[in-house]
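Take a look at the letters that make up each chain.
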Amino acid sequence: MRIGLAIAAALALAGCSMGGEAEGNRAAVTPPTEGVTDAMIAAAAGGEWLTYGRDYNEQRFSPLTQIDEATVGKLGLAWFADLDTARGQEATPLVHAGVLYVTSAWSKVYAYDAASGALKWSYDPKVPRQTLVRACCDAVNRGVALYGDKVYVGTLDGRLVALNQNDGKVAWSKMAVPDQKNYTITGAPRAAKGLILIGSGGSEYKARGYLAAFDWASGKEVWRFNTVPGDPAKGFDGEGPNAKAMVAAAKTWGGEWWKLGGGGTVWDSIVYDPQTNLVLFGTGNAEPWNPNANDRGQGDALYTGSIVAVDADTGAYRWHFQETPEDRWDYDSNAPIILADIEIGGQQRHVALHAPKNGYFYVLDAKTGAFLSARPFAEMNWSTGIDPTTGKARIAPQARYEQTGEAFIGLPGAIGAHSWQSMSFSPATGLVYIPTNRAAQAYLADKEWKESDIGYQVGLDTGKTAMPADNAIRKSFASQTTGSLVAWDPVKQAAAWTVPYPGPWNGGTLATAGNLVFQGTAKGDFTAYNAKSGGKLWSFPAQTGIVAAPMTYTVAGEQYVAVLVGWGGVWDLVAGTLAGKSGPVRNISRLLVFKLGANGKLPPPPPLSKMVLDPPLVTGKPEQAARGSGLYARYCSVCHGDAAVAGGLVPDLRHSSAIGYPETMKSIVIDGALQHTGMVSFATALRPADAEAIRHYLIKRANEDAKLDARK
Ligand code: CA
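Residues numbered from 1 in each chain as written. Predicted model: local features only at pLDDT ≥ 70, side-chain atom pairs only at ≥ 80, totals over all residues. Heavy atoms only, no water.

### Describing the packing of helix α7 (residues 622-635) against helix α10 (residues 688-711)
Packing of α7 against α10 brings their axes to within 7 Å, and their N-to-C directions diverge by 100 degrees. Taken together, the axes of α7 and α10 lie roughly perpendicular to each other. Facing α7, whose interface residues are Q624, A625, R627, G628, S629, L631 and Y632, α10 presents A689, D690, E692, A693, I694, H696, Y697, L698 and K700. The residue inventory of the contact of α7 with α10, partitioned by class, reads 8 nonpolar, 4 polar and 4 charged. (Axes fitted to C-alpha atoms, helices over the stretch in contact; angles between N-to-C directions. Helix = DSSP H or I, 4+ residues; strand = E, 2+ residues; numbered from the N terminus. Parallel < 35°, antiparallel > 145°, perpendicular 65-115°, else oblique. Contact = heavy atoms within 4.5 Å. Nonpolar A, V, L, I, M, F, W, Y, C, P; charged D, E, K, R; others polar.)

Following this line, the structure appears as structure tokens:
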């Protein structure tokens, strides 16, 4: 590894203030010289973890070796902290100067003494619970950035907040999203060159993706790169140095795409590369998913489904590589990007490694974006291969579901073959450790689709493709829905070893110089594997599903491993009968911290209660329930689950007493009686008769499943 060279490059670049020529006409931002600096993040000391993926390379590889393949058997619970948010926990903790900083669901921030677990301070941005209606994927947050003397968090309702590291007091707060109707922030900010970088989620709503950079000290916006062109009639002069890039992108869209935003949101991966002074980031799906829903045609819809590189100082476009052309499957390219220096064909290459939702593993030249190689790391049927010269994926004709008019059972489905759950790269083994999913999804175009003012805007007929009330079909789907930990050789483009899991949606990974790979699972095991062979070395029962990635650090010469646990995220919300594939879904939100020789114990978990379905009698007309099915699928299923079967986070409406009472149902769905819990009024899209139709659908579904349960 050329770590020395990377540092030299970082220091050399630190001396040159501006990358652009005419495009560099912005006020210079002075990076911090005390606290956490660029040089420190570039060469993170062994015991620290200073940014989301540990250092600027985001390899999630720790050089620490106290805990290794020989000693890991003595790993025990050193301390734990209960979190007061019972939602999916996706954050990676950061550690600097003996303090651990982590976020929980609802964008809360906690600072702990990293050795003792004593809480130093906490910060609650008080995100309105109604924000959930524009959050595709639970109230999650993936972590903070540390820079100078500050801690930065993006909140679900779209704020970028700077806190003082020492006391958690707000230094500044800034609305970072264009509007509060379509955008949310769940990703961890990154810091470099005096800038705090953050994008947003929203590509399932009416959002236009962007990456924005803010002055670390003042919060002033410095630059913004829009990932999708706006209305061409207004011209692109407002895009500054990116006018040309927008003109080029506009040629790849049809219809009036800008009216529904276009998508391409930057909701997770943002990587600053000190060797090239570029910021690389992944972009989300084109919006709506169904291309006919905005008549955008069969173009590439740039810059969605891509890795984009911009100048770190100015935000000016440098290159892009599109991984999913003409996306209509929600194949976001937001999975974390890793920078590495590896030998390919006898040559040292500075590369970007990427395993996006679409199932291909890409190796690109990190400076130019040149395509080096791609191979499937997971089973797929949407693409028939890769053009060996351009790297462009060829699309299977049946995958263009809006053209065939048929349902396409796509593999991967929208949760992706791999998504935000971070992969790691070990320079010691040369392997990338990828948490993969095998979960198909039915895509069927809604021919009658119209945009609405609330909820998902994807253009699919999810009512017709909901899971039927048939045990044989459910079992068949369940048996084909799995997950795995894949150790991938990026040079050979082949798996070195694989650990199979019963279900998808397992946690991110950590690789260490102790020849270890750590990963938590959906089933609730926190496990260490031999990084070379995949052999299981150690495991701890966490009592709840784990989706976040672990990290490691030292305090006073002792090595710790920390992981946030707490089942949740989009899979639990939408997967319906498949959500509990790995085991009982139960959210117990905690931070767990381990060290050698410790023997801490968790309190016993609450017993799992089996809920018996006891639904009201079917009283509605069949056509009411049928209409309710479509309305439920469009407006309710994204939180309460496919076919009205919920995961572990939100009320399962088949069990709700409200479905027995038309007035109660109306007061919730139309009048917003439960708004304080996040269940907002849907009055902008639904009428009382619609709420009643949904109620009859829920009664029907509850009765169907009560019969199925009796037959099991
Ligand atoms: Ca998406």
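Back to the write-up after that little detour.
### Focus on the state of the cysteines
Taken as a whole and assessed by the stated rule, the structure comprises 1 disulfide. Across a sulfur-sulfur distance of 2.2 Å, C136 and C137 are joined as a disulfide pair. Classification of the bridge connecting C136 and C137 rests on its S-S torsion, roughly -105 degrees, and on that basis the disulfide is left-handed. Among the residues examined, C136 registers a relative accessible area of 19% and is labelled buried. The closest cysteine sulfur to the non-disulfide-bonded C636 is located on C639, 9.1 Å from its own sulfur. You can call C639 partly exposed: its relative accessible area is 23%. (Disulfide = S-S within 2.5 Å. Buried < 20%, exposed > 50% of the residue type's maximum accessible area, 1.4 Å probe, protein only.)

### As for the coordination of the calcium ion
Distances from the calcium ion to its protein donors, E204 (OE), N285 (OD1), D330 (OD), D332 (OD) and D332 (OD), fall within 2.2 to 2.6 Å. In primary sequence terms, the donor set of the calcium ion follows E-x80-N-x44-D-x1-D. Taken together, the residues E204 in the loop between β12 (195-198) and β13 (210-215) and D330 in the loop between β18 (317-322) and β19 (338-344) connect sequence positions 126 residues apart. What makes D330 buried here is its relative accessible area of 6%. (Donors = N, O, S within 2.8 Å, 3.2 Å for Na, K, Ca; no water.)

### Some remarks on the packing of aromatic side chains
In the structure shown here, the tally under the stated rule is 37 aromatic pairs. An angle of 65 degrees between the planes, with centres 5.5 Å apart, marks the rings of F321 and Y362 as edge-to-face. Taken together, the residues F321 in strand β18 and Y362 in strand β21 (residues 360-365) connect sequence positions 41 residues apart. Given the relative accessible area of 6%, F321 is considered buried. Looking at Y362, the relative accessible area reads 0%, which means it is buried. (Phe/Tyr/Trp six-rings, centres within 6.5 Å; stacked < 30°, edge-to-face > 60°.)

### As for the sheet that holds strand β1 (residues 61-62)
The 5 strands lie next to each other as β1-β31-β32-β33-β34, forming an open sheet whose pairing is mixed. Pairing within the sheet leaves two strands with one partner each, and these edge strands are β1 and β34 (536-541). Strand direction decides the pairing type here: β1 and strand β31 (residues 509-512), joined by 2 bridges, are parallel. By the bridge assignment, F61 is partnered in β31 with A511. (Pairing = 2+ DSSP bridges.)

### Side note on the nonpolar core
Formed by 106 residues in total, the largest nonpolar core has its most connected members in F518, Y553 and L591. No other element matches the 6 residues that strand β36 (residues 558-565) contributes to this core. When sequence neighbours within four positions are dropped, the list of residues in contact with Y553 reads G47, L64, W79, V95, L100, A114, E558, Q559, Y560, A562 and V593. (Core = buried A, V, L, I, M, F, W, Y, C linked by side-chain atoms within 4.5 Å.)

### Here's the deal with the pairing of β13
It is a general feature of regular strands that their side chains alternate between the two faces of the sheet. Most of β13 is tucked away, with 6 of its 6 residues classed as buried. Where burial is concerned, the two faces of β13 agree: the one with Y210, A212 and F214 and the one with L211, A213 and D215 are both buried. Sheet analysis places β12 next to β13, joined by 4 bridges and oriented antiparallel. What sits directly across from L197, in β13, is A213. Sheet topology note: the β13/strand β14 (residues 221-226) ladder contains 5 bridges and is antiparallel. Paired with L211 across the bridge in β14 is F225.

### What about the domain arrangement of the chain?
Examined at the domain level, the chain breaks down into domain 1 (31-228 + 263-440 + 480-596) and domain 2 (622-708). When each unit is reduced to the centre of its C-alpha atoms, the spacing between domain 1 and domain 2 is 33 Å. Between domain 1 and domain 2, the contact holds 21 residues from the first and 17 residues from the second. For the pair domain 1 and domain 2, the summed buried surface comes to about 1,300 Å²; carbon and sulfur atoms form 64% of the total. At the junction of domain 1 with domain 2, the criterion picks out 0 salt bridges. Of the residues that constitute the side of domain 1 that touches domain 2, the class distribution is 10 nonpolar, 7 polar and 4 charged. (Domains from an automatic or database assignment. Buried area = accessible area lost by both parts, 1.4 Å probe. Salt bridge = Lys/Arg side-chain N within 4 Å of Asp/Glu carboxyl O.)

### Examining the environment of A445
Along the polypeptide, A445 turns up in the loop between β28 (441-443) and α5 (471-479). Judged by relative accessible area, A445 falls into the buried class, the value being 14%. Sequence separation between A445 and A511 is 66 residues, and the spatial gap between their C-alpha atoms is 42 Å.

### Section: the side chain of K150
Summarising the element assignment, K150 is placed in strand β8 (residues 150-154). Take K150: its relative accessible area is 10%, and that puts it in the buried class. In terms of polar contacts, K150 uses its side chain to reach the side chain of D149, at 3.1 Å. Contacts of K150, omitting those with residues within four sequence positions, involve A145, A162, L163, N164, Q165, A171 and W216. (Polar contact = N/O pair within 3.5 Å; in protein donor to acceptor, adjacent residues only side chain to side chain.)

### What about the packing of helix α9 (residues 662-669) against α10?
Geometry of a packed helix pair, given as the angle between the helix axes and the separation of the axes. Where α9 contacts α10, the axes come no closer than 9 Å and their chain directions differ by 120 degrees. In terms of crossing hand, the pair formed by α9 and α10 is right-handed. Of the residues in α10, those touching α9 at P662, M665, K666 and V669 are P688, A691, E692, I694, R695 and L698. In terms of residue class, the contact of α9 with α10 is made up of 7 nonpolar, no polar and 3 charged. (Left-handed = near helix turned anticlockwise from the far one by under 90°.)

### Observations regarding the pairing of strand β30 (residues 494-501)
Across 7 bridges, strand β29 (residues 482-489) lies against β30 in antiparallel orientation. Bridge pairing in β30 places W488 opposite A495. Between β29 and β30, which pair antiparallel and follow one another directly, the connecting turn spans 4 residues, one of which, Q493, has a positive phi of 55 degrees.

### What to know about the sheet that holds strand β26 (residues 424-426)
In a beta sheet, neighbouring strands are held together by backbone hydrogen bonds and run either parallel or antiparallel to one another. Strand order in the open sheet formed by 4 strands is β26-β27-β29-β30, with antiparallel pairing between adjacent strands. At either margin of the open sheet sits one strand with a lone partner, and together these are β26 and β30. Ignoring which end each strand starts from, the neighbouring axes of this sheet average 25 degrees apart.

### Brief notes about the pattern of salt bridges
The full count for this structure, using the stated rule, is 37 salt bridges. Across the salt bridge formed by R159 and D157, the nearest N and O atoms sit 3.0 Å from each other. What makes R159 buried here is its relative accessible area of 16%.

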